[in-house]
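# Structural characterization, general
Each chain, letter by letter, is given below.
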Amino acid sequence: MKAFFQQAKELMEGKPSKQCRQAVVYTVLWYEKSKHRVFLDLGATMASFQLSVFLVTGVLPARQKILLNNSTPMEPNADLSKLFLQDGVEMTLEQLPWGQEVEPISLTKHLVDRIGSKCIVMEEQANALEALLLVKRLDVDAELPKKLLSLTTFMHDAAQKLLLKVDEIEGEEPHRQARKMFVHKMNSVLDRLERMSQRLMPTDKQSTTLSPAAAQRKQVNEGKETEQKQEEGKMELEEHGGEEKSSPQGVPPAPSEPQVTLVEEVKGEQGHDVPDRGST
């Protein structure tokens, strides 16, 4: 574990040792007519490399389209060890529009497999961000905590949207078990992102202010509680609807002709003769 963190620290500082260079290659990344040198760990996940690209270019990992030798895009869960990359390999970065993210590799096109792959990618992105916070000094660059806080907030929002997709999984017992596992995994990711957001916030606001991710999750939970109370209220109204329409016990029914009585009283007050209702 210490060797892993030491290697991560060397990569983040841009000064990898000889031992580290055996498993690391440097890439030439082109983005908007600018050239960047980004180190790539062949034994790490694609999420770690995308995080390094984000720190250099400011493009969110979900909106990155990285082309290797101007060919097909690299998937978010690509196996870097099987790409046989060499030092100096050129890559091109494109910023994708919202909603057009590169889909991760999945076993089949089934909904459960596609959502499962996205959950794994989200967990790997949280792992990469957590590893960065363990080895990176945040007091060196004043803008770095703000940059990472915005990334954490975006990841939290994406994780919540993915959790809503998990709720759409229906079917037999294996599908329900998969949905239960995905819910547990995403709740764990959300908790970790909230803790990282709290750490990245300014010191004077950590104890008094919720992080954007935590505030957003609290708002969603409050909305769910409100909807649940409204549904319970509707069910109670449906159960007791017949009793509310009938007159309560012990209360006499209203007069059958209240309007005639009121008219008679008004006429009497004005001095007019009120004809006898029984006379013809």
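Each remark here, short or long, concerns the structure printed above.
Summarised in this report is the structure supplied together with it. The structure presented is a predicted model; accordingly, all values stated were derived computationally and were not measured.

### Some remarks on the packing of helix α4 (residues 111-135) against helix α5 (residues 144-166)
Running from N to C, α4 and α5 cross one another at 160°; their axes reach a closest spacing of 11 Å. With respect to each other, α4 and α5 are oriented roughly antiparallel. Note that α4 runs across α5; the crossing there is left-handed. On α5, the residues that touch I115, K118, C119, M122, Q125, A126, L129, L132 and L133 of α4 are L148, L151, T152, M155, A158, A159, L162, K165 and V166. Within the contact of α4 with α5, the residues separate by chemical class into 14 nonpolar, two polar and two charged.

### Concerning the environment of V121
Its location among the elements puts V121 in helix α4. Separated by 17 residues in sequence, V121 and P104 place their C-alpha atoms 7.7 Å apart. Once residues within four sequence positions are removed from consideration, V121 is found in contact with P76, N77 and P104.

### Notes on unusual backbone geometry
You will see that K33, though not glycine, has its phi angle at about 65°, which is positive. Positive phi outside glycine occurs at F84, with the angle close to 55°. Inspection of the secondary structure assignment puts F84 in the loop between β3 (64-68) and β4 (89-95). Judged by relative accessible area, which is 70%, F84 ranks as exposed.

### Some details on the pairing of strand β2 (residues 34-41)
By the bridge criterion, eight bridges tie strand β1 (residues 24-31) to β2 in an arrangement that is antiparallel. Paired with Y31 across the two strands is S34, which belongs to β2. Linking β1 back to β2 in an antiparallel pair, the connection comprises two residues, with E32 at a positive phi of about 50°.

### So, the packing of helix α3 (residues 46-57) against α5
At a closest axis distance of 11 Å, the pairing of α3 and α5 adopts a crossing angle of 130°. Taken together, the axes of α3 and α5 are oblique relative to one another. Here the hand of the crossing between α3 and α5 comes out right-handed. Of the residues in α5, those touching α3 at L51, F54 and L55 are L144, K147, L148 and L151.

### Some remarks on the sheet that holds β2
Spatially, β2-β1-β4-β3 is the arrangement adopted by the four strands of the open sheet, whose pairing is mixed. Of all strands in the sheet, those bounded by a partner on one side alone are β2 and β3. Pairwise comparison of adjacent strand axes, ignoring direction, gives a mean angle of 35° for this sheet. Pairing analysis gives five bridges linking β3 to β4, with the strands arranged antiparallel. Each residue of the ladder has a partner; that of Q64, found in β4, is Q95.

### Section: the packing of aromatic side chains
Considering all chains together, one arrives at one aromatic pair under this definition. Considering the side-chain rings of W98 and F154, the 5.5 Å spacing of their centres and the 50° angle between planes classify their relative orientation as tilted. Placement of W98 in the loop between β4 and α4 and of F154 in helix α5 is noted, with a sequence separation of 56 residues between them. Overall, W98 belongs to the exposed group, its relative accessible area being 53%. The ring of Y26 carries R37 above its face, with NZ or CZ at 4.0 Å from the centroid. Looking at K147, its charged tip hangs above the ring of F54, at a distance of 5.4 Å from the centre.

### Thoughts on the pattern of salt bridges
Pairs may arise between side chains of opposite charge once their charged atoms sit close together. Overall, the coordinates contain six salt bridges when judged by the stated rule. With a shortest N-O distance of 3.6 Å, K118 and E103 are connected by a salt bridge. Of this pair, K118 sits in helix α4 while E103 sits in the loop between β4 and α4; the two residues are 15 residues apart in sequence, bridging distant segments of the chain. Residue classification places K118 among the partly exposed residues on the basis of a relative accessible area of 29%.

### Quick word on the nonpolar core
Counting 34 residues, the largest nonpolar core has I115, C119, L129, L148, L151, F182 and M186 as its most contacted members. Beyond its immediate stretch of four places on either side in the chain, F182 contacts V112, I115, G116, C119, V166 and I169. Counting 17 residues, the second largest nonpolar core, distinct from the first, contains L40, M46, L68 and L93.

About the cut-offs
- Residues numbered from 1 in each chain as written.
- Predicted model: local features only at pLDDT ≥ 70, side-chain atom pairs only at ≥ 80, totals over all residues.
- Heavy atoms only, no water.
- Axes fitted to C-alpha atoms, helices over the stretch in contact; angles between N-to-C directions.
- Helix = DSSP H or I, 4+ residues; strand = E, 2+ residues; numbered from the N terminus.
- Parallel < 35°, antiparallel > 145°, perpendicular 65-115°, else oblique.
- Left-handed = near helix turned anticlockwise from the far one by under 90°.
- Contact = heavy atoms within 4.5 Å.
- Nonpolar A, V, L, I, M, F, W, Y, C, P; charged D, E, K, R; others polar.
- Buried < 20%, exposed > 50% of the residue type's maximum accessible area, 1.4 Å probe, protein only.
- Pairing = 2+ DSSP bridges.
- Phe/Tyr/Trp six-rings, centres within 6.5 Å; stacked < 30°, edge-to-face > 60°.
- Lys NZ or Arg CZ within 6 Å of the ring centre and 35° of its normal.
- Salt bridge = Lys/Arg side-chain N within 4 Å of Asp/Glu carboxyl O.
- Core = buried A, V, L, I, M, F, W, Y, C linked by side-chain atoms within 4.5 Å.

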